[in-house]
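What the coordinates show
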Amino acid sequence: MADETNEKTPAKKTTRKPDPVTQLLNEVKAEIKGFDDLEVKPIAAGRAEQYDRRASAWNRHYADHGTLDGLLLSMSFEALAALNPAERRYSLVQLAAAALLSVEKLDGGK
């Protein structure tokens with residue numbers, strides 16, 4: 001005889017909690033849509049040198065204090081100082097990663 005209780009019990013749906021990074025990337029994708037018409041001019045070489053000095057100063061600040069402003073500003077100025085597109089891309093990816101990690105840590109407190 002078959003067990004009739006299994007036939008009558010509906011299968012439980014397992015609700016899978018979305019990956020926090022996936023949720024965050026979806027939020028970023030939504031924000032990107034607001035930048036569709038964004039146009040920027042190249043950074044002048046003289047300015048890039050100034051940004052490089054600021055990157056160094058904020059990097060020292062981060063090394064001494066370990067604060068979020070030091071980290072993000074050093075990475076931001078490093079990206080702005082990069083005249084080589086490959087270096088700028090790498091710096092921007094690092095900056096995005098640090099920013100996303102910061103948001104993830106904020107979300108973890110909820």
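Details of the structure are given in the entry above.
Now for a quick tour of the structure. Per chain, the residues get numbers from 1 upward, laid out in the order the sequence is written. pLDDT decides what is reported in this predicted model: residues at 70 or higher carry local features, side-chain atom pairs at 80 or more are listed and counted, and totals for whole chains, interfaces and linings draw on all residues regardless. Only hydrogens and water are set aside; all other atoms, that is, all heavy atoms of the structure, feed into the side-chain values.

Description of the overall build of the chain
- Comment: elements are numbered from the N terminus, with helices defined as DSSP H or I runs of at least four residues and strands as E runs of at least two. Helix and strand content of the chain: five helices and zero strands.
- For the chain, the N- to C-terminal ordering of α and β elements is α-α-α-α-α.
- The buried share of the chain, reckoned over its 110 residues, is 14%.
- Residues are treated as being in contact if the distance between any of their heavy atoms lies within 4.5 Å. Put simply, 44% of the contacts in the chain that link residues at least 6 apart link residues at least 24 apart. Categorising residues by exposure relies on relative accessible area from a 1.4 Å probe, with only protein chains included: less than 20% of the type maximum marks a residue as buried, more than 50% marks it as exposed, and the intermediate range marks it as partly exposed.

Some words on helix α4 (residues 68–81)
- In this analysis, the expected span of each helix is defined as 1.5 Å times one less than the number of residues it contains. Between the first and last C-alpha of α4 there are 20 Å, a value that for 14 residues agrees with the 20 Å anticipated at 1.5 Å per step.
- Among all positions in α4, only G70, S74, M75, F77, A79 and A81 are buried.
- Where the residues of α4 are buried, they touch α3 (45–65) and α5 (85–108).

Digging into a negative patch on the surface
- Patch rule: a residue counts if its relative accessible area is over 30% and it has no salt bridge; like charges are joined within 9 Å, and nonpolar side chains (Val, Leu, Ile, Met, Phe, Trp, Tyr) within 5 Å. Each accessible area value is a Shrake-Rupley result obtained with a 1.4 Å probe; residue values ignore everything except the protein chains displayed when judging cover. For salt bridges, the criterion is a side-chain nitrogen of Lys or Arg within 4 Å of an Asp or Glu carboxyl oxygen. The charge count treats Lys and Arg as positive and Asp and Glu as negative. His and the chain ends do not count. Charged side chains are reduced to one point each, which is NZ for Lys, CZ for Arg, CG for Asp and CD for Glu. A surface patch of negative charge is lined by E49, D52, E78 and E87.
- Among the structural elements, E78 can be located in helix α4.
- A relative accessible area of 41% means that E78 is categorised as partly exposed.

Some points on the packing of helix α2 (residues 20–32) against α5
- Only the stretch in contact is used when fitting a helix axis, every axis being a line fitted to C-alpha atoms; angles between N-to-C directions are given from 0 to 180 degrees. At their nearest, the axes of α2 and α5 sit 11 Å apart, and the two run at 120 degrees to each other. Judged by the inter-axis angle, α2 sits oblique to α5. Considering the relative orientation of α2 and α5, their crossing is right-handed. Counted together, P20, V21, L24, L25 and V28 of α2 and L100, V103 and E104 of α5 form the full contact between these two elements.
- Partitioning the contact of α2 with α5 into residue classes produces seven nonpolar, no polar and one charged. Orientation is classified from the angle alone, with under 35 degrees giving roughly parallel, over 145 giving roughly antiparallel, 65 to 115 giving roughly perpendicular, and any other angle giving oblique. By convention the crossing between two helices is left-handed if the near helix lies anticlockwise of the far one by an angle smaller than a right angle, and right-handed if it lies clockwise. Asp, Glu, Lys and Arg are counted as charged, while Ala, Val, Leu, Ile, Met, Phe, Trp, Tyr, Cys and Pro are counted as nonpolar; the rest, among them Gly, fall into the polar class.

Regarding a nonpolar patch on the surface
- The grouping of F35, L38 and V40 at the surface amounts to a nonpolar patch, some 360 Å² of accessible area in total.
- Its location among the elements puts L38 in the loop between α2 and α3.

Re the packing of α3 against α4
- Here α3 crosses α4 at 160 degrees, and the two axes come no closer than 7 Å. Classed by the angle they form, the pair α3 and α4 counts as roughly antiparallel. Remark: the crossing between α3 and α4 carries left-handed chirality. Contacts between α3 and α4 involve A48, Y51, D52, R54, A55, W58, N59, H61 and Y62 from the former and D69, G70, L71, L73, S74, F77, E78, L80 and A81 from the latter.
- A class-by-class count of the residues in the contact of α3 with α4 yields ten nonpolar, four polar and four charged.

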